[in-house]
Amino acid sequence: MLLSAASAVFAIVGLFVDGSAANAISGGGFFGPASFTAPSLTYAKGDNPKSLDFGTPVSLSGPSSSTARNHLDGFQARQFVGNVGWAIANLGGDGNGYEYPLRSTNRGKTWATDGPYFHGPWANAPAWVSSLQAYSATFAVAYEPEGQTMYATDDGGRHWYSILAFSYIVNVSHIASTSTTSAPGIIRVSVSKSGNAPAKYVFTSMDGARTWVRHTA
């Protein structure tokens, strides 16, 4: 199971090679490449295991020991933009489940999966995240503070982009766009060489986290 699951990770995210992050294969050194394009996160298929389908209703009831794949085990983060709710949550597994992005259209009364799972309970799984920033009803980012990982969507979860070319994330911010031709605005990710060091570089994206450019902080 471990071997097949780990193999699936390489196919799903394409971010690890011999235990190194994507910046290593991009030749960008410790702080990542000067510019890069983030890969799209895809749905795991087959028995590796298969991701729950987009829009799968989340079960909010039942015993905490439930291993039903759509059973809510716990929220990592939640945020609302009007009646639209965004969340990161573990589903199934009684504490050893899969981390999914969730979305609600009724301010949290009901939730449904909003993309493929971010993280699974095995070695070398896609990276876990615990923080969430929702900038609109369709645009949100999930990341791990002092970690390397970010996932982002600008179409309500239909497509997520996975970014692991950072070093240690110090801060994530957003500058709203005043132009209708650049609706996502600018995402800024400040990074350092260690979790408690000052930011050394800032990565920016102006197209919903698809492409990134590195700047000196």
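Above: the structure in question.
Rules behind the numbers
Residues numbered from 1 in each chain as written. Predicted model: local features only at pLDDT ≥ 70, side-chain atom pairs only at ≥ 80, totals over all residues. Heavy atoms only, no water. Buried < 20%, exposed > 50% of the residue type's maximum accessible area, 1.4 Å probe, protein only. Helix = DSSP H or I, 4+ residues; strand = E, 2+ residues; numbered from the N terminus. Pairing = 2+ DSSP bridges. Axes fitted to C-alpha atoms, helices over the stretch in contact; angles between N-to-C directions. Contact = heavy atoms within 4.5 Å. Core = buried A, V, L, I, M, F, W, Y, C linked by side-chain atoms within 4.5 Å. Phe/Tyr/Trp six-rings, centres within 6.5 Å; stacked < 30°, edge-to-face > 60°.

Draft legend 1. Looking closely at the pairing of strand E12 (residues 186-192). Among the seven residues of E12, five are classified as buried, and the element is accordingly described as predominantly covered. As defined by bridge partners, strand E11 (residues 168-175) adjoins E12 across seven bridges and the pair is classed as antiparallel. The partner of Asn-171 across the bridge, within E12, is Ser-190.

Draft legend 2. The arrangement of the sheet that holds E11 in detail. Across the sheet, which stays open at both edges, the five strands sit in the order E1-E14-E13-E12-E11 with antiparallel pairing between neighbours. At either margin of the open sheet sits one strand with a lone partner, and together these are strand E1 (35-37) and E11. Taking each pair of neighbouring strands and ignoring which way they run, the sheet shows an average axis angle of 25°. Relative to strand E14 (residues 211-216), strand E13 (residues 201-205) runs antiparallel, the two sharing four bridges. Within E14, the position partnered with Thr-204 by the bridge is Val-213.

Draft legend 3. Region of interest: the side chain of His-71. Tracing the chain through its elements places His-71 in the loop between strand E2 (40-41) and strand E3 (72-81). Residue classification places His-71 among the buried residues on the basis of a relative accessible area of 6%. Dropping the residues within four chain positions of it, His-71 is found in contact with Ser-59, Ser-61, Gly-62, Pro-63, Ser-64, Ser-66, Asn-90, Leu-91 and Gly-92.

Draft legend 4. Structural detail: the nonpolar core. Grouped together as the largest cluster of nonpolar side chains are 19 residues, with contacts concentrated most on Met-150, Phe-166, Val-189 and Trp-212. When residues of this core are traced back to their parent elements, those giving at least two are strand E8 (140-143), strand E9 (150-153), strand E10 (160-163), E11, E12 and E13. The leading source of residues in this core is E12, at three residues. Beyond its immediate stretch of four places on either side in the chain, Val-189 contacts Met-150, Phe-166, Ile-169, Asn-171, Val-172, Tyr-201, Val-202, Phe-203 and Trp-212. Membership of the second largest hydrophobic core comes to 14 residues, among which are Ala-77, Phe-118, Val-129 and Ala-140.

Draft legend 5. Looking closely at the packing of aromatic side chains. This structure, assessed with the given rule, holds 10 aromatic pairs. Between Phe-118 and Tyr-151 the ring centres are 4.1 Å apart and the planes differ by 15°, which places this aromatic pair in the stacked class. Of the two residues, Phe-118 is situated in the loop between strand E6 (112-113) and strand E7 (131-134) and Tyr-151 in strand E9; the sequence distance between them amounts to 33 residues. When its relative accessible area of 2% is taken as the criterion, Tyr-151 is described as buried.

Draft legend 6. Focus on unusual backbone geometry. At Arg-107, a position not held by glycine, the phi torsion is positive, near 55°. Relative to the elements of secondary structure, Arg-107 occurs in the loop between strand E5 (98-104) and E6. With a relative accessible area of 47%, Arg-107 lands in the partly exposed category. One non-glycine residue, Ala-209, adopts positive backbone phi at about 80°. When you line up the elements, Ala-209 lands in the loop between E13 and E14. The class of Ala-209 is buried, set by a relative accessible area of 0%.

Draft legend 7. Structural context of the pairing of E7. Summarising the sheet, E7 and E8 pair through four bridges and their orientation is antiparallel. Its bridge partner lying in E8, Leu-132 is registered against Ala-142. Where E7 folds back onto E8 in an antiparallel hairpin, the turn is made up of five residues.

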